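Residue-level structure breakdown
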There are 6 protein chains.
Amino acid sequence: MSAPAKKYRFLLIQAFHLPPNTPHAHRSFDGPKEQCLMNYEENKTLLADVEWDLNKGPLVTYGDWPVETREEFCLVAAARLRVVREACEAGRHNAIVLLGGGDPGHVESREIGRRFGVAVTSCANAQMHVATMLGDRFSIIDISETHNMRMRDLVVQYRYSDRCASIRNIDFPLPRPPFTDTRPIDVEKARAERGETSDMLEAALAAAIAAIEDDGAEVLVLGCSAAYWMQSHLERRLAQIGWDVPVLEGYRCAIEQAKLMVDLGLTASGVAFPVDHPRKWRRRKTV
Amino acid sequence: MSAPAKKYRFLLIQAFHLPPNTPHAHRSFDGPKEQCLMNYEENKTLLADVEWDLNKGPLVTYGDWPVETREEFCLVAAARLRVVREACEAGRHNAIVLLGGGDPGHVESREIGRRFGVAVTSCANAQMHVATMLGDRFSIIDISETHNMRMRDLVVQYRYSDRCASIRNIDFPLPRPPFTDTRPIDVEKARAERGETSDMLEAALAAAIAAIEDDGAEVLVLGCSAAYWMQSHLERRLAQIGWDVPVLEGYRCAIEQAKLMVDLGLTASGVAFPVDHPRKWRRRKTV
Amino acid sequence: MSAPAKKYRFLLIQAFHLPPNTPHAHRSFDGPKEQCLMNYEENKTLLADVEWDLNKGPLVTYGDWPVETREEFCLVAAARLRVVREACEAGRHNAIVLLGGGDPGHVESREIGRRFGVAVTSCANAQMHVATMLGDRFSIIDISETHNMRMRDLVVQYRYSDRCASIRNIDFPLPRPPFTDTRPIDVEKARAERGETSDMLEAALAAAIAAIEDDGAEVLVLGCSAAYWMQSHLERRLAQIGWDVPVLEGYRCAIEQAKLMVDLGLTASGVAFPVDHPRKWRRRKTV
Amino acid sequence: MSAPAKKYRFLLIQAFHLPPNTPHAHRSFDGPKEQCLMNYEENKTLLADVEWDLNKGPLVTYGDWPVETREEFCLVAAARLRVVREACEAGRHNAIVLLGGGDPGHVESREIGRRFGVAVTSCANAQMHVATMLGDRFSIIDISETHNMRMRDLVVQYRYSDRCASIRNIDFPLPRPPFTDTRPIDVEKARAERGETSDMLEAALAAAIAAIEDDGAEVLVLGCSAAYWMQSHLERRLAQIGWDVPVLEGYRCAIEQAKLMVDLGLTASGVAFPVDHPRKWRRRKTV
Amino acid sequence: MSAPAKKYRFLLIQAFHLPPNTPHAHRSFDGPKEQCLMNYEENKTLLADVEWDLNKGPLVTYGDWPVETREEFCLVAAARLRVVREACEAGRHNAIVLLGGGDPGHVESREIGRRFGVAVTSCANAQMHVATMLGDRFSIIDISETHNMRMRDLVVQYRYSDRCASIRNIDFPLPRPPFTDTRPIDVEKARAERGETSDMLEAALAAAIAAIEDDGAEVLVLGCSAAYWMQSHLERRLAQIGWDVPVLEGYRCAIEQAKLMVDLGLTASGVAFPVDHPRKWRRRKTV
Amino acid sequence: MSAPAKKYRFLLIQAFHLPPNTPHAHRSFDGPKEQCLMNYEENKTLLADVEWDLNKGPLVTYGDWPVETREEFCLVAAARLRVVREACEAGRHNAIVLLGGGDPGHVESREIGRRFGVAVTSCANAQMHVATMLGDRFSIIDISETHNMRMRDLVVQYRYSDRCASIRNIDFPLPRPPFTDTRPIDVEKARAERGETSDMLEAALAAAIAAIEDDGAEVLVLGCSAAYWMQSHLERRLAQIGWDVPVLEGYRCAIEQAKLMVDLGLTASGVAFPVDHPRKWRRRKTV
């Protein structure tokens, strides 16, 4: 006799994958889902009551390095929409969790998902929602100048401008030609886990302290998913020096938000995400 | 052999209870918890995986009628804080859900809860958080002039001013001397459930349509908990005329937000809710 | 032959009083009104044309120390409402001045006062009104981390978010167990008045300069009433170094605002502070 | 033996005066001060404890009709500054009250006044300050399309944008060639005082109701000083139909604000109104 | 001897083109550039001093109908970026004008353009800039529910929320299966040009009047480029009834903005559109 | 045979001129127009296709030094309006460009110009428009404490508060008795052009860097026209250290904006700048 289906049937979709043999990989693109989902160990508890699949996202077409500029974000957003649409049409999941810190395709995917009754959540969006449950203003600790600007675009688009205290750059850009990645993120993570000094973590700690003391942050949000591994480290280090402040990574926030929406039977407002030729339409919208 | 403890151990605390024999009761104050929790049938699914207790809240001291003015809200807020503190000190729950639409004592209870590692959620606060996950702006459908102003105070205090399209009054005030309650809410609810015309529901429908078409609402939030029973009725009626718009009542939102916070191990930022004599303090706060 | 009644008949109500024998008193709770009103010498000119009584406020119930946390503010707010209501019912005063820097019960007391035709003013509220008559943005110089957060809640609630440049903490918390108050405020005041160095005043001066030079403050507001004594000292010190900037304490602002309202025959808008079952009600409120 | 000087020594300065023989006069420009001050009967109580002089303001240079366009406001503003400067240099007054609804020269006069230790208040500015003491949002009931735009410029300049619910036009423009003033304001006022129907008052009442019910006004502000006579009429009429809402005219608000500032010894912040070559200056200003 | 090169060398890029034989064409996709540029007659004066090429934009991949939903906008945005990049690399133009009302790919194209020293302008963006040169607030007159939401996303993204009075829907959606386009736009335009009644123009006129009278619009912006033909008609009709209000279509605004930027030698700030691995980077961004 | 008239016929009007023999001149007030227009060499390219006249502005009446305080700005504003009105009545120009950094009389001149179909642009206003085409937020680099406050008044009046990151003071006030101008601006300019160190330029560079790094500026705007000469120097110096950031002076921005408006046939909205007794008027304005 088969076990009853779980309440949560989620498809997690990566923002993109890189071609094989790329020298610029910053995470695994193939293998078991548990291996491809960054920081699986920290996240697995929240996935225990979820039937989940992982889609590795679209292959990037602009080169063989991770997405970081606005141009690259737009290209993978469009490509990921096709994955979202197919998943919705297949009908096997009741929520889609868009992985990655810059939320490529978030708004458009929600438009698609709503038509199919599928909740769609994304990391940065979910982090901002959770952050404002915890304090008045959050700062985003993020990896590079170009990625910062993407995060700012999101803050504006999601209407959190007056809740975002700052975006702090720790200057650990993703691998990209012609630059040699002298400080790969997995090395930084490994160092931190061995109890050694990670320059990335130290930079994040300094940025976090500045965000709290100078910018007015009451909650910290990690920007790029490549920085999510620092969540518990950073929270602990801050607590050690006396700052009892939540640090939020995106995967868990997006998964939890998806559960909340499935539990409440919600996807998105049909007024905010109308279909073409809707039965009712509004003469006037305000902004 | 005892069953394993559930993950969620919640205390639901009513905003207040009235003295026995009051002629102004609008809900049950004694009896099994399932009977005292309004609209239990609609909410029980979400409570299935929760070990929950119900506290009937403090006895009102200003009279024998339900809370509706700012003065009355302040009085029950202070009285409810004592319940919150005792519950936190007892340590049997990992979240407190404050029932009632006007959130008396919300901010203060979160200050208390954080010191004890207990998440605290409230109805209006949770509804606003969920509403902004679904659309750009919400309107509050609420029962009376004085209660409306309490809701507005909350919108300001929770910093949702630019996300609140309007507060719409349907003019169904709670029972209060010397007025005779000619349209009791349980009668309205019973009518609606029998498929008869409920003036209250019709007024709410008209207010909801005006909120969508004139005010720019994309999500609807029910204000007073005495109006929560209309949630599914109102959503269905709106869908029938072509408005696919979420209607949010407070109990489910607050319960779900509590689950999310427990899952993520979060209560509130220690920077936003500092203890006295904290180890670290900020020289400067911005607003 | 009796003298004609004065135009202004004010009741000044303290935020709270402490039990006798408390080791945590920071001001006098018993004795002639002139002695219990802090900084009477500085304020007496403004009271010369006022018939005034002083109510010592409710006895705190949470312990024997001054109010400082949000929880404590809510408890004394509720208790003070009873004093306000009784005073309004007694009908001997045409204005009530709520003393204390954190304005416990301000909004609710105005609701009560309006029904009785009694103007109600509070310190922080009045200071913010006066501050914005003098410059674009003000900063609040305040005593402790928890009290700062209360002040911030007030700035938001009073809708002065975009006029408040910052809240600056000088870290002189009120006495509270188990802490030993090594720098009592009356000692600081006495030092300053003797022309000696007061650490509290020096900290306030540094905070004020930072508020002006870094935060954009054009007016300074003292937060906690325990800091009001510094008003003239701080203004003079700032002037000596070249900053011609007003420093506002709360008693005088609240007294003057009460006079203005009595002169103009105003208490509060009946639309903003409606009675229950008002003759007219608004279908829609905006925030 | 001479009586002691009064505490308040105010100079009231009209916005302008018209040439003799103008056919476009809407008020008296010559004669005793009590006759030239519009609505003196309603205002005299507040002036009882004031030594006051009235300056009839500069002669208009653009024609022989009252100021109404932005151009005209700028011209009389500049001309009035000379009156303000001379009065400050003469040193006989401790406050200047700038009469007229459009506040020509307000900001500049405050700059002048501060250097001489003279408080300067203006009607619209004072009305907005008082209005926000009474409710959340105010509407301005005003006379004409061009004057409305001046009022809007003031709301923006005074930073009350988010507190102003609307400006309502009742279309009673001031006399101006080549138009024949078929509905002179003094005739309207006389009608209202005789208990007859005044079209102007009826238009204001309709505008006020719309402001309350549709725009969210909680306080009403009369725009042009030519509309101030309606204050008590309008307030009473609104009360009769159930709206307990304050209506504010400008003279009393500006006089009372001047008293408040004299009592508190304040004029304006030297940081907001710096002198040239100040001893201290700010490297950075925020807006 | 060849004529000197013109100062302006612009590439105009359509948002998309449809496959040949589509039954859902709303404009010409092939032929001379003058024929493919909608409303060429109205625009040609501004192009007289421009060397311009027209790129017909990417072929849509989601079907054979015009872009209207968020999903469709994202897909053509990504496809258009490739056109932009190639044009920049080719180096023959000093500005790129992105045609179409919903600005697909605007922000990303500016990022690309800046690296190559090429100014990039878009219709809606340029219209909003010009609109706020003319009045305080603008309304967008737009064609359909889904397109409205795209326009709103743009208003937020471009930070014009507080300058946009409303978006008004006239309900003339673009052709799309399975709907039969019973009111094709070219028919509407032809009718208007023949002096006959165009339902579309009448709907736009009604929406424009409502925007001015009810929403506070002082300038009107046409949303979808399929509505641009109405510009002069609408402006004239409004003038006839007494509203002297500018109506802005997008092509001319975008062309003029491109000229302004070329004249001033500007493309975009390198701080707002940083390159990857910039020489200087900011530790902190605000939003 | 005469050449055809140029498309652009502009009148450039200085803010003011000083009496002959003043010791406080900071620029030429007499002579050929090319000599009186500061920085003509940098601007002449943009004027090549313009038929332009230069009006030297009104003679100041308050003394013999340049305008810098609010009082002085108001006085020259009124005086300049007469020049504007005469020019509009003369009808020889299709645009008026108001020179000077503090925009005296801008709003009023636009009201006049619109009635005559003449576009009016001003420096600071045009700079803010252009700045927000290039980045999210701009900072103003300005010369003195009093002038800074004028710039801030303009930012508020023009509704750019949330786009202005800061106003930075470099403390180079204009000449004014009784102060000896030890650092005249023409000397600073000459030094910079000779490649020597200019203290003024160095101060501006430091202020610009602080604006970018600390305040969030993405574009820089020079405040006083006496600082415009630094535009190219400052931009180059910033580029040298790695900040690719536009620096905007006012003359070119205002000239280009005038061209744009002439090309588009626009002056200002008749709703925003109504005539007296307009054919249509709005019952309600929002702010």
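Residues numbered from 1 in each chain as written. Chains lettered and ligands numbered in written order. Predicted model: local features only at pLDDT ≥ 70, side-chain atom pairs only at ≥ 80, totals over all residues. Heavy atoms only, no water.

Section: the overall build of chain A
- If you tally the helices and strands in chain A, you get ten helices and nine strands.
- The principal-axis extents of the C-alpha atoms in chain A amount to approximately 55 × 45 × 45 Å.
- Looking at the 287 residues of chain A, the share that counts as buried comes to 68%.
- Pairs at least 24 residues apart make up 77% of the contacts formed inside chain A by residues separated by at least 6 positions. (Helix = DSSP H or I, 4+ residues; strand = E, 2+ residues; numbered from the N terminus. Buried < 20%, exposed > 50% of the residue type's maximum accessible area, 1.4 Å probe, protein only. Contact = heavy atoms within 4.5 Å.)

Here's the deal with the interface of chain A and chain E
- Each side of the interface is counted separately: chain A has 55 residues, and chain E has 55 residues.
- Contact between chain A and chain E buries roughly 5000 Å² in total, counting both sides, with carbon and sulfur atoms accounting for 60%.
- Applying the counting criterion to the chain A and chain E interface returns ten salt bridges.
- Put simply, Asp276(E) and Arg176(A) hold a salt bridge, and the shortest N to O gap is 3.8 Å.
- In this assembly, chain A and chain E are joined by 24 residue pairs in polar contact (both at pLDDT 80 or more). (Buried area = accessible area lost by both parts, 1.4 Å probe. Salt bridge = Lys/Arg side-chain N within 4 Å of Asp/Glu carboxyl O. Polar contact = N/O pair within 3.5 Å; in protein donor to acceptor, adjacent residues only side chain to side chain.)

Let's talk about the nonpolar core
- Core analysis: the largest hydrophobic core is formed by 480 residues, its most contacted members being Phe10(A), Phe10(B), Phe10(C), Phe10(D) and Phe10(F).
- Apart from the residues lying within four places of it in its own chain, the contact partners of Phe10(A) are Val50(A), Glu51(A), Trp52(A), Asp53(A), His93(A), Asn94(A), Ala95(A), Val97(A), Ile255(A), Ala258(A), Lys259(A) and Val262(A). (Core = buried A, V, L, I, M, F, W, Y, C linked by side-chain atoms within 4.5 Å.)

Let's talk about helix α8 (residues 199–215) of chain E
- Over its 17 residues, α8(E) extends 22 Å from the first C-alpha to the last, a length consistent with the 24 Å expected when each residue adds 1.5 Å.
- Where α8(E) is concerned, the buried positions are Met200(E), Leu201(E), Ala204(E), Leu205(E), Ala207(E), Ala208(E), Ala210(E), Ala211(E), Ile212(E) and Asp215(E).
- Buried residues in α8(E) make contact with β9 (284–285) of chain A together with β5 (138–142), β6 (164–169), α7 (185–193), β7 (219–222) and α9 (231–240) of chain E.
- Just past α8(E), the residue Gly216(E) takes up positive phi, approximately 95°. (Expected span 1.5 Å × (residues − 1).)

Points about the pattern of salt bridges
- Counted according to the given criterion, the structure contains 154 salt bridges over all chains.
- Between Asp215(A) and Arg168(A) there is a salt bridge whose closest N-O contact spans 2.8 Å. Of this pair, Asp215(A) sits in helix α8 (residues 199–215) while Arg168(A) sits in strand β6 (residues 164–169), and the two are 47 residues apart along the sequence.
- Taking the relative accessible area as the measure of exposure, Asp215(A) reaches 5% and is therefore buried.
- Classification of Arg168(A) by relative accessible area gives buried; the value is 10%.
- The residue Glu213(B) makes a salt bridge to Lys280(A) at a minimum N-O spacing of 3.7 Å. Residue Glu213(B) is located in helix α8 (residues 199–215), and its partner Lys280(A) is located in the loop between α10 (250–264) and β9; the two belong to separate chains.

What to know about the pairing of strand β7 (residues 219–222) of chain B
All names here are of chain B.
- Along β7, one buried face is formed by Val-219 and Val-221 and the opposite face, lined by Leu-220 and Leu-222, is buried too.
- Strand direction decides the pairing type here: strand β5 (residues 138–142) and β7, joined by four bridges, are parallel. When the bridges of β7 are listed, Ser-139 appears paired with Leu-220.
- Pairing geometry for β7 and strand β8 (residues 247–248), over two bridges, is parallel. For Val-221, the partnering residue across the bridge sits in β8 and is Leu-248.
- Note that the unit made of β7, helix α9 (residues 231–240) and β8 has a crossover that is right-handed. (Pairing = 2+ DSSP bridges. Right-handed = clockwise from strand over helix to strand, strands pointing away.)

Describing the relation of the copies chain A and chain E
- After a rotation of 180° and a shift along the axis of 0.0 Å, chain A superposes on chain E with an RMSD of 0.0 Å. Such a combination of turn and shift is consistent with a two-fold rotation axis. By C-alpha distance to the rotation axis, the residue of chain A lying nearest is Gln157(A), at 2.7 Å.
- A share of 100% of interface residues in chain A that are also interface residues in chain E marks the association as one of identical surfaces. (Least-squares fit on C-alpha atoms with pLDDT ≥ 70 in both.)

Points about the packing of helix α4 (residues 106–116) of chain D against helix α3 (residues 70–90) of chain F
- In contact at an axis separation of 8 Å, α4(D) and α3(F) are set at 140° when each is read in the N-to-C sense. Taken together, the axes of α4(D) and α3(F) are oblique relative to one another. Classified by chirality, the crossing of α3(F) by α4(D) is left-handed. Taking contact as the criterion, the partners of Val107(D), Glu108(D), Glu111(D) and Ile112(D) in α4(D) are, on α3(F), Arg70(F), Glu71(F) and Cys74(F).
- A breakdown of the residues in the contact of α4(D) with α3(F) according to their chemical character gives three nonpolar, no polar and four charged. (Axes fitted to C-alpha atoms, helices over the stretch in contact; angles between N-to-C directions. Parallel < 35°, antiparallel > 145°, perpendicular 65-115°, else oblique. Left-handed = near helix turned anticlockwise from the far one by under 90°. Nonpolar A, V, L, I, M, F, W, Y, C, P; charged D, E, K, R; others polar.)

What to know about the packing of helix α5 (residues 123–134) of chain B against helix α10 (residues 250–264) of chain B
All names here are of chain B.
- Between α5 and α10, the least distance of the axes is 8 Å, while the angle of their chain directions is 80°. The angle between α5 and α10 falls in the class roughly perpendicular. Here α5 contributes Cys-123, Asn-125, Ala-126, Gln-127, His-129 and Val-130 to the contact with α10, which in turn contributes Gly-250, Tyr-251, Cys-253, Ala-254 and Gln-257.
- Residue classes in the contact of α5 with α10 are distributed as six nonpolar, five polar and no charged.

Brief notes about the packing of aromatic side chains
- As enumerated under the stated definition, the model contains 36 aromatic pairs over all chains in all.
- Ring centres of Tyr8(B) and Phe10(B) lie 5.6 Å apart, and the angle between their planes is 50°; on these two criteria the pair is classed as tilted. Just as Tyr8(B) is buried, Phe10(B) falls in that class too.
- Of note, Arg183(D) hangs over the ring of Phe172(D), and the distance from its end group to the ring centre comes to 3.6 Å. (Phe/Tyr/Trp six-rings, centres within 6.5 Å; stacked < 30°, edge-to-face > 60°. Lys NZ or Arg CZ within 6 Å of the ring centre and 35° of its normal.)

Some words on the sheet that holds strand β7 (residues 219–222) of chain F
- Taking strand neighbours across the sheet as the criterion, the five strands line up as β9(D)-β6(F)-β5(F)-β7(F)-β8(F) in an open arrangement whose pairing is mixed. In the strand order of this sheet, the two ends are held by β9 (284–285) of chain D together with β8 (247–248) of chain F, each with one partner.
- Against the sheet, helix α8 (residues 199–215) of chain F touches β9 of chain D together with β5 (138–142), β6 (164–169) and β7 of chain F, its axis set at about 150° to β6(F).

Section: the pairing of strand β4 (residues 119–122) of chain C
- Of the two faces of β4(C), both are covered, the one formed by Ala119(C) and Thr121(C) as well as the one formed by Val120(C) and Ser122(C).
- For the crossover from strand β3 (residues 95–98) of chain C across helix α4 (residues 106–116) of chain C to β4(C), the handedness is right-handed.

Structural notes on the environment of Ile241(B)
- Here Ile241(B) shows up in the loop between α9 and β8.
- Separated by 89 residues in the primary sequence, Ile241(B) and Arg152(B) have C-alpha atoms spaced 29 Å apart.
- Setting aside anything within four residues of it in sequence, one finds Ile241(B) in contact with Arg279(A), Lys280(A) and Ile209(B).

Overview of the sheet that holds strand β7 (residues 219–222) of chain A
- Strand order in the open sheet formed by five strands is β8(A)-β7(A)-β5(A)-β6(A)-β9(E), and the pairing between neighbours is mixed. The open sheet terminates on both sides in strands that have one partner only, identified here as β8 (247–248) of chain A together with β9 (284–285) of chain E.
- Two elements, strand β5 (residues 138–142) of chain A and β6(A), share five bridges in a ladder whose sense is parallel. Paired with Ser139(A) across the strands is Ser166(A), a residue of β6(A).
- The strands touched by helix α5 (residues 123–134) of chain A within the sheet are β5, β7 and β8 of chain A, with β7(A) carrying the most contacts at an inclination of about 170°.

Quick notes on the arrangement of the chains
- With respect to C-alpha atoms, chain C approaches chain E no nearer than 15 Å, and the pair has no contact.
- Over all C-alpha pairs, chain B and chain F never come within contact, reaching a minimum spacing of 15 Å.

So, the side chain of Glu256(E)
- With respect to the helices and strands, Glu256(E) occurs in helix α10 (residues 250–264).
- What Glu256(E) contacts, discounting residues up to four positions off in sequence, is Leu46(E), Lys259(F), Leu260(F), Asp263(F) and Leu264(F).

Structural notes on helix α6 (residues 145–157) of chain C
Residue and element names in this part refer to chain C.
- If you check α6, its first and last C-alpha atoms are 19 Å apart, about what 13 residues at 1.5 Å a residue would give, namely 18 Å.
- Regarding α6, the residues found buried are Glu-145, Thr-146, His-147, Asn-148, Met-149, Arg-150, Met-151, Arg-152, Asp-153, Leu-154, Val-155 and Val-156.
- Where α6 terminates, the next one or two residues include Arg-159, which has phi positive at roughly 65°.

Structural notes on the environment of Glu235(C)
Residue and element names in this part refer to chain C.
- When you line up the elements, Glu-235 lands in helix α9 (residues 231–240).
- Sequence-distant contacts of Glu-235, defined by excluding residues within four places in its chain, comprise Val-245, Pro-246 and Val-247.
- At 2.8 Å, the side chain of Glu-235 forms a polar contact with the backbone nitrogen of Val-247.

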